[in-house]
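Examining the three-dimensional arrangement
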Amino acid sequence: MSGSALLSVEDVAVDLPTPRGNLRAVDHVDLSVGAGRTLGIVGESGCGKTMLSRAILQLLPKKARLSGRVMFDGQDLARCDASALRKLSARSLAVVFQDPMTSLNPVLTIGTQLIETLQAHLELDTASARKRSVELLAAVGIPAPEQRLSQYPHQLSGGMRQRVAIAIALSCEPKLLIADEPTTALDVTVQAQILDLLAREQRRRHMAMILITHDLGVVAGRTDEVAVMYAGRVVERAPTTALFKTMRMPYTEALLAAIPKLEAAPHTPLPAISGRPPDPTRPLHGCSFSPRCRYVDGRCRQEKPALSDAESPDHQYACFHPIRIAVGGVT
Amino acid sequence: MQDATHFQGLDPILKVENLVVEYAVGGKTIHAVSDVSLQIARGETLGLVGESGCGKSTLGRAVLQLRPAVSGRVLFDGEDLTALRGEALRRMRRRVQLIFQDPIASLNPRRRIGDIVAEPLVIAGYKDSRERQELVEEVLNAVGLDPALVTGRLPHEFSGGQCQRICVARALVLKPEFIICDEPVSALDVSIRAQILNLLEEMKGRYGLTLLFIAHDLAVVKAVSDRVAVMYLGRLCEVGPSEQLFANPAHPYTALLIEAIPVPDADVRPCESVAIGEPPSPITPPSGCRFRTRCPRADQRCATEVPELRLVAPGQYAACHHPLA
């Protein structure tokens, strides 16, 4: 893909051995993110989106096997040795996880966790690290940041904890921030504030971001590009506006249709996707969405559609029967 | 006193009158539900929305008397549940069932599905095991599960969506009249969520149910509710017919909740920070209107005077000194 990308994931596959056989969590994915850009990765539980982010961060479980290349800033992270990786990933790559209660250390104060990160990577003395910590907490919208330094995670609300996690992630001025379901555990009003905060800090720092979510509503209007994943593969990838205007992949369409709409009258039956995703230890011959797809035919069950860029180099999809009607006329 | 008759003219199955529920935590009092009144008509679905900690789940539990009320009454079919004890309360509870948020955690991992779904029947005194089995099979079929395949299996063998179907079956097996659904789809994926919402709607029609549907997602609530009640920090802010409440919210908090919903449309640019801050502590709720610390319209009066629910449009009530036009 484009040579100027900050991160490019090239033909990455992740295999996990399980008692029931090999589980292919990520199935030959290609993706790239340019500097300062935002990529949304959307999919249901078990579609491989979190495993893909862990492959980028080199945080895969020990038994997992990774193939392919993860090029970040000119280096292949999958082939870096531990110390080089530590240096690189600590300074330039940061991550915010779904649950701030488990990603923060419950027995250390907010201050200790922030100051520790700053001192480990930026060689600051304690006083300036402390000053920097207060600035960071203020930047992420935490009231009375000075006092918060001596508080423990359990003394803060879920939204405040997530702000602390973001402050820690931003502390070393990363070039790429991976936000893995950062708002799933939060209320809708707090979700809006956290997403705004991420967007604001991203613009200010000219940082690239990967926003992983199961909610198409979260990526709309907040990302430059979206990749939809299903059963370990990217099944559609397009600039965000193009995706919402002319989605081609029946799975993307079904995912969007299944979201209850505020405009719809009460008691309107929802177009649910029947069944559930395939067992990842028993891959299907054909298209992995075929058992749930309403456009399925014999070919879909025999042959796996490749991710093609027939539409335009920007807009790729993996389907033999792409939707040809503008969205809105479909549902 | 709040107006307890938000739904006049129809036959109410449940009336909650000036209900107060408090928790004592470390010498302090959490004001979980403060002077809430509402009614639900037979066959109606009332959606109850609000942020975490607003008291919506406590209200649901207090209806079932799983949480003792400090004061107020809960009238189910004319009978005051707060006055019932022992066997009389247990008999009443057969008519009211509960479905929880986490379908996997609410099923005993060591029991077989057939036993889990039959348990309410055992407790209710159905002695004939043949009859129990027939009722279990009937209800499993109704929720879209094949009894022959599921009764002998354990909960871990099922996905989240299937576990929620089992929970729905367990709630339905005694043929209740009223079901309290506490965030029944929050833990489920988008595609599975739609299946369960459709199932609840179908079961409501088939069994003639009345539902209290508690959730924090307004779009989900609107999809299934005839009327919606909005709660904030233990108090009711607004009640009204779903369509009308979403089109013309009168309470600024309702408007804020609606604006915060992410819209799956790339042309709709999310507006910056519609929401201000987070809810204050229910241990020391603000004086006057509890929403005033986050409200853009708040003034002096809001700090001193508790707003009462007032009629703002046909069927729509809001507790606000400065309702939106």
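Computed from a prediction, not measured in an experiment: that's the story for all the values here. (Residues numbered from 1 in each chain as written. Chains lettered and ligands numbered in written order. Predicted model: local features only at pLDDT ≥ 70, side-chain atom pairs only at ≥ 80, totals over all residues.)

1. Description of the overall build of chain B
Along its length, chain B carries 11 helices and 12 strands. Out of the 325 residues belonging to chain B, those deemed buried represent 48%. If you take every contact in chain B between residues at least 6 apart in sequence, the share linking residues at least 24 apart comes to 66%. (Helix = DSSP H or I, 4+ residues; strand = E, 2+ residues; numbered from the N terminus. Buried ≥ 20, exposed ≤ 12 C-beta atoms within 10 Å, placed from the backbone. Contact = placed C-beta atoms within 7 Å.)

2. So, the overall build of chain A
Summing up its helical and strand segments, chain A has 12 helices and 12 strands in all. Relative to a compact globule of 331 residues, whose C-alpha radius of gyration would be 20 Å, chain A shows 21 Å and is just as compact. The C-alpha extent of chain A, read off along each of the three principal axes, is 70 × 50 × 40 Å. Restricting to contacts in chain A with at least 6 residues of sequence separation, those with at least 24 account for 65%. (Rg over C-alpha atoms; globule rule 2.2 N^0.38 Å.)

3. Notes on the interface of chain A and chain B
In this assembly, 41 residues from chain A lie in contact with 42 residues from chain B. Listed by contribution, the elements that provide at least two residues to the side of chain A that touches chain B are helix 8 (188–205), helix 9 (216–219), helix 10 (240–245) and helix 11 (250–257) of chain A. Examining the composition of the side of chain A that touches chain B, we find that 7 residues originate from one element, helix 8 of chain A, more than from any other. Residues that form the side of chain A that touches chain B fall into these classes: 21 nonpolar, 13 polar and 7 charged. (Nonpolar A, V, L, I, M, F, W, Y, C, P; charged D, E, K, R; others polar.)

4. Side note on unusual backbone geometry
All names here are of chain A. We note that His 206 has phi near 50°; this positive angle belongs to a residue other than glycine. If you trace the backbone, His 206 turns up in the loop between helix 8 and strand 8 (208–213). Here Ala 231, not a glycine, exhibits a phi torsion of approximately 50°, which is positive. Accessibility expressed as a C-beta count within 10 Å gives 23 for Ala 231, which makes it buried.

5. Quick notes on the packing of helix 6 (residues 160–172) of chain B against helix 7 (residues 190–207) of chain B
Residues and elements named next belong to chain B. In contact at an axis separation of 10 Å, helix 6 and helix 7 are set at 15° when each is read in the N-to-C sense. Taken together, the axes of helix 6 and helix 7 are roughly parallel relative to one another. For helix 6 against helix 7, the interelement crossing comes out right-handed. Mapping the contact onto sequence places Gly 160, Gly 161, Gln 164, Arg 165, Val 168 and Leu 172 in helix 6 and Ile 192, Gln 195, Ile 196, Leu 199, Met 203 and Tyr 207 in helix 7. (Axes fitted to C-alpha atoms, helices over the stretch in contact; angles between N-to-C directions. Parallel < 35°, antiparallel > 145°, perpendicular 65-115°, else oblique. Left-handed = near helix turned anticlockwise from the far one by under 90°.)

6. Side note on the sheet that holds strand 12 (residues 315–317) of chain A
All names here are of chain A. The strand order 6-7-8-3-9-10-12-11 describes an open sheet built from 8 strands, whose pairing is mixed. The two strands at the open ends of the sheet, each matched to only one other strand, are strand 6 (93–96) and strand 11 (308–312). Adjacent strand axes in the sheet meet at a mean angle of 20°, parallel and antiparallel pairs treated alike. When strand 6 meets strand 7 (residues 176–180), the two strands line up parallel, connected through 4 bridges. Across the sheet, the residue bridging to Val 96 is Ala 179, located in strand 7. (Pairing = 2+ DSSP bridges.)

7. A few points about the sheet that holds strand 5 (residues 79–80) of chain B
Residue and element names in this part refer to chain B. Taken together, 4 strands build an open sheet; the order of strands is 2-1-4-5 and the sheet is antiparallel. Single-partner strands in this sheet number two, and they are strand 2 (28–41) and strand 5. The sheet contact formed by strand 1 (residues 12–25) and strand 2 spans 10 bridges and is antiparallel. Looking at strand 2, one finds that Glu 22 is bridged to His 31.

8. Considering the pairing of strand 8 of chain A
All names here are of chain A. Among the 6 residues of strand 8, 6 are classified as buried, and the element is accordingly described as predominantly covered. Because side chains alternate across strand 8, one face comprises the buried residues Ala 208, Ile 210 and Ile 212, and the other comprises Met 209, Leu 211 and Thr 213, equally buried. Where strand 3 (residues 38–42) and strand 8 come together, 5 bridges link them in parallel fashion. Bridge assignment links Ile 41 to a residue of strand 8, and that residue is Ile 212. Across 5 bridges, the pairing between strand 7 and strand 8 is parallel. Paired with Ala 179 across the two strands is Leu 211, which belongs to strand 8. With helix 8 bridging strand 7 and its parallel neighbour strand 8, the resulting β-α-β unit is right-handed. (Right-handed = clockwise from strand over helix to strand, strands pointing away.)

9. Quick look at the nonpolar core
By size, the foremost hydrophobic cluster in this structure holds 193 residues, and its most contacted members are Val 235 of chain A together with Val 117 and Phe 213 of chain B. Broken down by element, this core gets its largest block of residues, 8 residues, from helix 7 (residues 158–170) of chain A. (Core = buried A, V, L, I, M, F, W, Y, C linked by C-beta atoms within 7 Å.)

10. What about the packing of helix 3 (residues 113–123) of chain B against helix 4 (residues 129–142) of chain B?
Residue and element names in this part refer to chain B. The contact between helix 3 and helix 4 brings their axes to 9 Å, and the two run at 115°. Crossing hand, helix 3 versus helix 4: right-handed. Mapping the contact onto sequence places Gly 114, Val 117, Ala 118 and Leu 121 in helix 3 and Arg 132, Leu 135, Val 136, Val 139 and Leu 140 in helix 4. Of the residues in the contact of helix 3 with helix 4, the class split is 7 nonpolar, 1 polar and 1 charged.

11. Quick word on the pairing of strand 11 (residues 310–313) of chain B
Residue and element names in this part refer to chain B. By the bridge criterion, 3 bridges tie strand 11 to strand 12 (residues 316–318) in an arrangement that is antiparallel. For Leu 311, the partnering residue across the bridge sits in strand 12 and is Tyr 317. Turn length for the strand 11-strand 12 hairpin, with the two strands adjacent in sequence and antiparallel, is 2 residues, and the turn residue Gly 315 shows positive phi of about 80°.

12. Notes on the environment of Glu 44 of chain A
Residue position: Glu 44 of chain A is located in the loop between strand 3 and helix 1 (49–57). C-alpha of Glu 44 of chain A to C-alpha of Glu 146 of chain A: the two residues are 102 residues apart in sequence and 40 Å apart in space. Excluding anything up to four places from it in sequence, Glu 44 of chain A contacts His 214 and Pro 277 of chain A together with Asp 189, Val 190 and Ser 191 of chain B.

13. What about the confidence of the model for chain B?
Residue and element names in this part refer to chain B. Looking at chain B as a whole, the pLDDT averages 90, with 94% of positions reaching at least 70. Here residues 1–5 scores under 50 on pLDDT; set against residues more than four positions off or in separate chains, the count is 13 contacts. This prediction of the complex comes with two scores: 0.87 for pTM and 0.82 for ipTM. (pLDDT = per-residue confidence, 0-100.)

14. Remarks on the environment of Ile 99 of chain B
All names here are of chain B. Within the fold, Ile 99 resides in strand 6 (residues 96–99). Looking at Ile 99, the number of C-beta atoms within 10 Å reads 24, which means it is buried. Between the C-alpha atoms of Ile 99 and Ala 171, which are 72 residues apart in sequence, the distance is 6.8 Å. For Ile 99, the residues in contact, after removing those within four places along its chain, are Cys 167, Val 168, Ala 171, Ile 179, Cys 181, Asp 182 and Pro 184.

15. Description of the environment of Pro 153 of chain A
Residue and element names in this part refer to chain A. Mapped onto the fold, Pro 153 is located in the loop between helix 6 (145–148) and helix 7. What makes Pro 153 buried here is the crowd of 21 C-beta atoms within 10 Å. Separated by 50 residues in the primary sequence, Pro 153 and Arg 203 have C-alpha atoms spaced 28 Å apart. Those residues in contact with Pro 153, other than ones at most four positions away along the chain, are Met 101, Leu 104, Pro 106 and Arg 161.

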